[in-house]
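# Structural overview for review
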Amino acid sequence: MTTTIQHTLKTVFGFHQFRSPQQEVIERVVAGEDVFLVMPTGGGKSLCYQIPALHRAGLAIVVSPLIALMKDQVDALLANGVRAACFNSSLSADEARRVSSQMERGELDLLYVAPERLMQPEFLERLSRLPLALFAIDEAHCISQWGHDFRPDYVQIGRIRGLFPVVPIVAMTATADPETRTDIIRQLGIEQAAVYVAGFDRPNITYTVMSKHKPLAQLGAFLSGRRTEAGIVYALSRKRVEQVTERLIAAGFSAAAYHAGLPDEERRRVQDAFRRDDLRIVVATVAFGMGIDKPNVRFVVHYDMPKSVESYYQETGRAGRDGLPSEALMLFGMGDVMTARSLIENSDNPERVRIELQKLNAMVAYAEALTCRRRALLAYFGDQRDHDCDNCDICTDPPRRFDASELAKKALSCVYRVGERFGARHIVDVLRGAKGQRILDLRHNQLSTYGIGADLSSLEWDNIIRQLIHLGYLVQDFTRFGALGLSPAARPVLKGETQVILGLPRDVAKVEEKSRRKSGAGEGAHRALFEELRLVRKQIADAASVPPFVVFSDATLLELATNRPRSEQELLAITGIGEHKLRKYGADFLAAIDDYRRRAVPDDGNAGLCLALSDTQRDTLRLCQEGLTLPEIASRRGLKDLTIIAHLEELAAAGLDIDLRRFVDADKLPLIDARLEALGAVGLTQLKEGLPESISYSDLRLVRGAMCRSRPC
Ligand code: ADP
Ligand code: ZN
């Protein structure tokens, strides 16, 4: 059986290996068992029911909450030559009839349905007369009130087990929370299901938190480094979304706003354009979420801090479903924390306030953490790691710590002197000796702490105060606009009895630069071809009215750009190209790669050189790069030595990195070098005079050619 599911994996989906735990899950379902699968976004849940659907007799029913997602899934399956359809309210009467008859005649392997449609009595009645392969319940947490996305329509699905006792059920979710998991199993009545919980780590996402000082400029700088990539910018309010979008558009970015206040039609337009790669950046409130399964979202920026770690994990999780390096950047400012806090405290349900404040505090702690972000994030979900990830801002640029006892003393005593009635900004002003009217009015310029911190910038003081809050020396009163007060822990610091160790603010530019190097789909020559292949993909997708990711994933394009296959056989070795896609798109992509190869230099060491090489020069170059000797190249090509030497000289002169001296016997080299040194750039005949007979004109040409290359002549 393993060989057959392996074969399907390869020939239909074009993948070479199962990811863990795909194979086990698939084997169980093929054998008719129930499975409950918890796997993070992008983990590869779909295959876990799609392959069994092809290995079991009858129709597989897939329940999915969102019509837009269904269509993408179906398109993706059709592109792989799998017989799939969806059945939902978006179909015309004609289409619905066609799908029905395909269903009845056994012409479908998978059918995607919305829960309310599935549970209609006449639909159930029709299903009961058909052989069924399995039920797959996608986004299964929607059935649970404990989940973050409860949908009443899902509750009815709980009846399936009773109605179809022998059809296996595969329930899938990315939800972390154990309570929700237990509830899903109970509601679906699949207590005997094998449970698989894959970890929550998303290793391809780089996590970065930056302190927020000029957020628009920071965002602009981040986006400028990623001119061709798609991403989402989350902001907390509609107003903020509108503002940021406006500024981005004015700065020439391809961006659009998305929030619940926009007309349905506009929201659909934005979502569609984004899916089709026609729009690069969506600035959104959290309303932009569930409907996004675009796999090539390369970055998620939190312009404002999310209100819980769960939301943060979920929102950042929309990046990099295709497994390629992607980024999660959060701008974090104390102001956001205060806004969030006051919003929460406005509620009159004290229990809610308590829970939400707790969640907010966890989020703040994450943002301020001086330890590996991934460890902190996974620890929050109960997955303790014992090593750092090397793929977050803290790991790549660890904050240095320093003894801040004196500085802390200054800040704390300043808070005390002003009467514990003022916020951080005012404290910083007093410390730095600012001359504003307010300071004068309050006579704070007469305090002993006035100007004692003039040697540090406001930014540095901000940072110190924030850490003092975080470490519990200062408390912020949110009912009084964030007024700072001393906690009991401040006393020993003021008395000089405790040491305070703080982290130095990290060099934001450095963090930014590091993250940039990690991101994106390849570098240099790969990148150029990648962009061309992207255009080919876009044309094919537009002609077929499907989103580009249905044609090929970015991961597939990247592999194409890196390996540059020359034949159908080589194409099949690329991840994501199965037999159907090979037939459908193979020729177009081979032609594009070939065309690129013709225009560009085939060796990546020479990226940037874009030469019009002739075919014959190119063939010589290839053999040369394979390490053949001069006589070997000549005989392989059926050409004279001198012709090959001419090619090599031309290639070297054109700037290609070719070692001409390699073609000359090593023991001849010193003699030729000495003669060249003595005579300089003279004719070959003159050079040859006085050298042993065994040294040929060819040898001289090659050595002279090599010299011209190293010093321009
Ligand atoms: P999920 O539903 O868990 O979010 P998907 O099923 O959409 O994830 O898969 C995420 C991505 O991983 C898709 O681009 C898919 O093609 C790819 N993928 C899944 N399984 C494999 C595999 N075994 N080998 C290579 N790529 C895979
Ligand atoms: Zn880390």
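The following refers to the structure shown. (Residues numbered from 1 in each chain as written. Chains lettered and ligands numbered in written order. Predicted model: local features only at pLDDT ≥ 70, side-chain atom pairs only at ≥ 80, totals over all residues. Heavy atoms only, no water.)

Across its full length, the protein chain carries 35 helices and 17 strands. Viewed in the frame of its principal axes, the protein chain has a C-alpha envelope of about 100 × 85 × 45 Å. Here the protein chain holds 713 residues, and the buried ones make up 51% of them. Counted over contacts in the protein chain with a minimum sequence separation of 6, partners at least 24 positions apart contribute 70%. In the structure as shown, the protein chain presents an accessible area of about 32400 Å², 52% of it carried by carbon and sulfur atoms. (Helix = DSSP H or I, 4+ residues; strand = E, 2+ residues; numbered from the N terminus. Buried < 20%, exposed > 50% of the residue type's maximum accessible area, 1.4 Å probe, protein only. Contact = heavy atoms within 4.5 Å. Areas by Shrake-Rupley, 256 points an atom, 1.4 Å probe, with all protein chains shown as cover.)

Take the site of ligand 1 next. Looking at ligand 1, there are 14 residues lining it, with Q17, G42, K45, S46 and R321 nearest. Within the backbone of Q17, a nitrogen or oxygen atom sits 2.8 Å from a nitrogen atom of ligand 1. A distance of 3.4 Å separates an oxygen atom of ligand 1 from a polar backbone atom of G43. Across the complex, the protein chains shield 81% of the 560 Å² of accessible surface that ligand 1 would expose by itself. In terms of residue class, the shell around ligand 1 is made up of four nonpolar, seven polar and three charged. (Near = heavy atom within 4 Å. Polar contact = N/O pair within 3.5 Å; in protein donor to acceptor, adjacent residues only side chain to side chain. Nonpolar A, V, L, I, M, F, W, Y, C, P; charged D, E, K, R; others polar.)

Between S20 and the following residue, P21, the backbone shows a cis peptide bond with an omega angle of -5 degrees. Along the polypeptide, P21 turns up in the loop between α1 (2–11) and α2 (22–30). Even without glycine at this site, D390 takes up a positive phi of about 65 degrees. Along the chain, D390 falls in the loop between α17 (373–380) and α18 (393–396). A positive phi angle, close to 55 degrees, is found at S545, a residue other than glycine. Within the secondary structure layout, S545 lies in the loop between α25 (524–544) and α26 (548–551).

So, about the coordination of the zinc ion (ligand 2). At this site the zinc ion (ligand 2) is bound by C372 (SG), C389 (SG), C392 (SG) and C395 (SG), with donor distances of 2.3 to 2.4 Å. Read in sequence order, the donor residues coordinating the zinc ion (ligand 2) give the pattern C-x16-C-x2-C-x2-C. Taken together, the residues span a long stretch of sequence, with C372 in the loop between α16 (350–368) and α17 and C392 in the loop between α17 and α18 at a distance of 20 residues. The two residues C372 and C392 agree in class, both being buried. (Donors = N, O, S within 2.8 Å, 3.2 Å for Na, K, Ca; no water.)

Tallied over the entire structure, the rule returns eleven aromatic pairs. Ring centres of Y207 and Y312 lie 6.3 Å apart, and the angle between their planes is 45 degrees; this geometry places the pair in the tilted category. With Y207 in strand β8 (residues 205–211) and Y312 in helix α14 (residues 309–316), this residue pair connects regions lying 105 residues apart in the sequence. Grouping residues by exposure puts Y207 and Y312 together as buried. Here the aromatic residues Y207, Y312 and Y366 are joined through ring pairs into a cluster of three or more. (Phe/Tyr/Trp six-rings, centres within 6.5 Å; stacked < 30°, edge-to-face > 60°.)

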